[in-house]
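Inside the fold
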Amino acid sequence: MVKRVLISLSLLAGLAALAITYGKNKSEYYYTFPVAHITEEKLQEDFFNQVEFYQKKIKKNNSAKDMTMLAQIYANRAKVVTSADYFLAASRYAYRSIALMPQYNPGAWFVLADVALAQKEFHKAINYANIINKQKNYKTPEAYLILATSNLGLGNLEAAMIFADELIDVFPSEKAFTLRAVILAEQGRDQEAINDFEEGIKLMEDDPVQGAYTRAMYARFLLTRPYDKNYYENAIALLNESLRITPASALVHGLIGDLFVKEKKYKEAVKYYQSAFRQSKQLSFLFKEAMYQKISGNAVYAEKLFNQTEILLRMELNKYKNASAAELIRLLLERGDPSDYTETMRLADRERKLRPNTETLYLYSWALELNGRLPEARKSIRSLLAKNIRNEDVLKRAASIEEKLKNKNLAQIYKGQQSQSLSL
């Protein structure tokens, strides 16, 4: 059996990471291209310089192409720092570009689709992808990517798979294999998902951001399905390599936090959630910190964090009407205050109609349970089980619902499966 040895890694803000070696310096997931680590300050400086450069060009020439380039710069930066203002700027420049050049301007439409995907406005993204295809008179890899991702977000897994297959036929890239792997995982087709993650990594493309993302998503998949110790070992190897490639990645820091949670090392998990939030300002990390501050015994501070997170989530939903309410729903459900139940049910019902994916269906099942609508809750959670979605949350919810329905034997079966899933 491969030995696991704890070593320390230097991270941002003096954090220490848990890394595990496998008796050799480089794992099979090693990224072979040189990696240049650029500080956040330098990235931000480069961003401002690019913005200033293209704004001057636009002022001088009023070029549609320059506006599209500036829109892309804003959209790319917005995804890194999770800035609604940057997304708005990206959309505005894309629309200005389209106003100047309505036809044969797929780049501007792609920016709008990219923004829509980031904001989980999947129907909009599909519409933009169809416009791109119409303008080019053939289906492009970019459009396939948008269509597959949008249908995945909407829970239309069969359609998502069709577009992902077509994307790989046209352009078999690491990004394409990673996307199809995620769709396969949603369908409960685990071995096929593993194969696609592995195929994506084997391509070894000179794209460190995608390389780190593929490994992180593969690790996340494995951490939700630890059927054997190899899954867990491989997840750690993947996270270590993702961290080496992009040490400032909020996604990777958040997943390391999840890893520590699985090991019941909540104080270490909190550090990584704090780091992930500092880097991305994503409220999901602030919420996770609050949960595990509470479990760590910091109840007063945790309550302040919960309240702060709720205020920020409600402000975001008020400002952006089509924003996802999933994080607010989860916060209200975790808090378990009966006075929240009616609102939670309303929000969960709306969210699963807008975005019927695994997360929203799970939250809808939980809201039904807390509102005493147990037969409906059972039907909803079984729709996930039927797709072989059997992560810890789903199994825990299924067991809880069956217990309340007085089906102790079935509840025990789900608990047994959950215990197997939790074992490392």
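Structure: see above.
First, a word on what this report is: a plain description of the structure on this page.

1. Some remarks on the overall build of the protein chain
The helix and strand tally for the protein chain stands at 21 helices and two strands. The C-alpha extent of the protein chain, read off along each of the three principal axes, is 70 × 50 × 45 Å. For the protein chain, the residues scored as buried account for 50% of the 424 residues in total. In the protein chain, of all internal contacts separated by at least 6 residues, the share reaching a separation of at least 24 is 55%. Surface exposure of the protein chain reaches about 20800 Å², of which carbon and sulfur atoms provide 54%. Treating the 60 positive side-chain charges of the protein chain as one cloud and the 49 negative ones as another, the clouds have centres 3 Å apart.

2. Observations concerning the packing of helix 6 (residues 141–154) against helix 8 (residues 174–186)
Close contact between helix 6 and helix 8 brings their axes to 11 Å; oriented N to C, the two are set at 20 degrees. Considering the angle they form, helix 6 stands roughly parallel to helix 8. Once helix 6 is placed against helix 8, the crossing between them reads as left-handed. The residues of helix 8 that touch helix 6, namely those facing Leu145, Ala148, Thr149 and Leu152, are Lys175, Leu179, Val182, Ile183 and Glu186. Grouping the constituent residues of the contact of helix 6 with helix 8 by class yields six nonpolar, one polar and two charged.

3. Looking at the pattern of salt bridges
Summed over the entire model, instances satisfying the criterion amount to 28 salt bridges. Aspartate 340 serves as the salt-bridge partner of arginine 335, at 3.1 Å between the closest nitrogen and oxygen. Given the relative accessible area of 27%, arginine 335 is considered partly exposed. With a closest N to O distance of 3.4 Å, glutamate 402 and arginine 382 form a salt bridge. Highlighted residues: glutamate 402 in helix 20 (residues 392–404) and arginine 382 in helix 19 (residues 374–385), separated in sequence by 20 residues. For arginine 382, a relative accessible area of 35% corresponds to the partly exposed category. Within this structure, Glu310, Arg314, Arg335, Asp340 and Glu343 form a network of salt bridges that share partners.

4. Considering helix 8
The terminal C-alpha atoms of helix 8 lie 19 Å apart, and with 13 residues this matches the ideal 18 Å at 1.5 Å per residue to within 8%. Most of helix 8 sits out of view: 12 of its 13 residues are buried. Within helix 8, burial applies to Glu174, Ala176, Phe177, Thr178, Leu179, Arg180, Ala181, Val182, Ile183, Leu184, Ala185 and Glu186. Structurally, helix 8 contributes buried residues whose contacts are with helix 6, helix 7 (157–170), helix 9 (190–202), helix 10 (208–223) and helix 18 (358–370). Trailing helix 8 by a residue or two, glycine 188 shows a phi angle of about 80 degrees, which is positive.

5. Let's talk about helix 20
For helix 20, built from 13 residues, the straight-helix expectation of 18 Å at 1.5 Å per residue is met to within 8% by its first-to-last C-alpha distance of 18 Å. Where helix 20 is concerned, the buried positions are Glu392, Val394, Leu395, Arg397, Ala398, Ala399, Ser400, Ile401 and Glu402. Where helix 20 ends, the next residue or the one after it, lysine 406, has phi of about 65 degrees, a positive value.

6. Observations regarding the side chain of threonine 358
Relative to the helices and strands, threonine 358 resides in helix 18. In this structure threonine 358 comes out as buried when scored by relative accessible area, which is 9%. Polar contacts involving the side chain of threonine 358 include one to the side chain of glutamate 186, which spans 2.5 Å. The contact partners of threonine 358, leaving out residues within four places of it in the chain, are Glu186, Leu384 and Ile389.

7. Examining the environment of valine 115
With respect to the element layout, valine 115 can be found in helix 4 (residues 106–118). Sequence separation of valine 115 and alanine 78 is 37 residues, and the distance between their C-alpha atoms is 8.9 Å.

8. Considering the packing of aromatic side chains
Applying the stated rule across the entire model yields 16 aromatic pairs. For the ring pair phenylalanine 53 and tyrosine 54, a centre distance of 5.1 Å and an interplane angle of 85 degrees mean the geometry is edge-to-face. On the basis of relative accessible area, phenylalanine 53 is assigned to the partly exposed category, the value being 47%. The exposure class assigned to tyrosine 54 is buried, which follows from its relative accessible area of 15%. Judged by centre distance (5.8 Å) and plane angle (55 degrees), the rings of tyrosine 74 and tyrosine 86 are tilted. A residue pair is termed long-range when its members are at least 10 positions apart, and tyrosine 74 in helix 2 (residues 64–81) and tyrosine 86 in helix 3 (residues 84–100) qualify at 12 residues. The burial state of tyrosine 74 is the same as that of tyrosine 86; both residues are buried. Joined through ring pairs, the aromatic side chains of Phe47, Phe48, Tyr74, Tyr86 and Tyr93 make up one cluster. Positioned above the aromatic ring of phenylalanine 277 is the side chain of lysine 281, whose terminal nitrogen or guanidinium carbon lies 6.0 Å from the ring centre. Cation over ring: arginine 352 sits above tyrosine 364, and NZ or CZ is 4.2 Å from the ring centre.

Each value, and the rule that gives it
- Residues numbered from 1 in each chain as written.
- Predicted model: local features only at pLDDT ≥ 70, side-chain atom pairs only at ≥ 80, totals over all residues.
- Heavy atoms only, no water.
- Helix = DSSP H or I, 4+ residues; strand = E, 2+ residues; numbered from the N terminus.
- Buried < 20%, exposed > 50% of the residue type's maximum accessible area, 1.4 Å probe, protein only.
- Contact = heavy atoms within 4.5 Å.
- Areas by Shrake-Rupley, 256 points an atom, 1.4 Å probe, with all protein chains shown as cover.
- Lys, Arg positive; Asp, Glu negative; His and termini not counted.
- Charge placed at Lys NZ, Arg CZ, Asp CG, Glu CD.
- Axes fitted to C-alpha atoms, helices over the stretch in contact; angles between N-to-C directions.
- Parallel < 35°, antiparallel > 145°, perpendicular 65-115°, else oblique.
- Left-handed = near helix turned anticlockwise from the far one by under 90°.
- Nonpolar A, V, L, I, M, F, W, Y, C, P; charged D, E, K, R; others polar.
- Salt bridge = Lys/Arg side-chain N within 4 Å of Asp/Glu carboxyl O.
- Expected span 1.5 Å × (residues − 1).
- Polar contact = N/O pair within 3.5 Å; in protein donor to acceptor, adjacent residues only side chain to side chain.
- Phe/Tyr/Trp six-rings, centres within 6.5 Å; stacked < 30°, edge-to-face > 60°.
- Lys NZ or Arg CZ within 6 Å of the ring centre and 35° of its normal.

Purely geometric numbers; function is a separate question.
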